[in-house]
Amino acid sequence: MRSGRHGAARPPVGVLIQQDRVDFALFALIIVVALVSMFFTGPGNLAFWLAFLPIIASVVLAFRRIEHLSRLELRDSEFL
């Protein structure tokens, strides 16, 4: 059997995002700026391809932040 919590439900992602709105707003801003720069430069420019790096990094960091907030929420619920 797996070790860990039995029956512990993770909180919805929307609740986690509401807890840390500023971080997720910054991730969204980074993605929007990268997409705008991609739109205006075109695929023939190096800046177009370099804009993929902040998009990928923002998605990874947002996912890790959601996982971290979820673990904190579950840990806090254990103390209740």
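Structure's up top.
Predicted model, so just to flag it, every value in this text is computed and none were measured.

Q: How should I be thinking about the overall build of the chain in this particular structure?
A: Scanning the chain for helices and strands turns up four helices and zero strands. For the chain, with 80 residues in total, the buried portion stands at 21%. Considering only residue pairs separated by 6 or more positions, the chain has 69% of its internal contacts joining residues 24 or more positions apart. By element, 69% of the accessible surface of the chain is carried by carbon and sulfur atoms, the whole surface being about 6,200 Å².

Q: Honestly, the packing of aromatic side chains in this entry has me stumped. Any pointers?
A: What characterises a pair of aromatic rings is the spacing of the ring centres plus the angle enclosed by the ring planes. Tallying each qualifying case throughout the model produces five aromatic pairs. When the ring of phenylalanine 48 is compared with that of phenylalanine 52, the centres are 5.8 Å apart and the planes differ by 90 degrees; the resulting orientation is edge-to-face. Here phenylalanine 52 falls in the partly exposed class, since its relative accessible area comes to 33%.

Reading the values: the criteria
- Residues numbered from 1 in each chain as written.
- Predicted model: local features only at pLDDT ≥ 70, side-chain atom pairs only at ≥ 80, totals over all residues.
- Heavy atoms only, no water.
- Helix = DSSP H or I, 4+ residues; strand = E, 2+ residues; numbered from the N terminus.
- Buried < 20%, exposed > 50% of the residue type's maximum accessible area, 1.4 Å probe, protein only.
- Contact = heavy atoms within 4.5 Å.
- Areas by Shrake-Rupley, 256 points an atom, 1.4 Å probe, with all protein chains shown as cover.
- Phe/Tyr/Trp six-rings, centres within 6.5 Å; stacked < 30°, edge-to-face > 60°.

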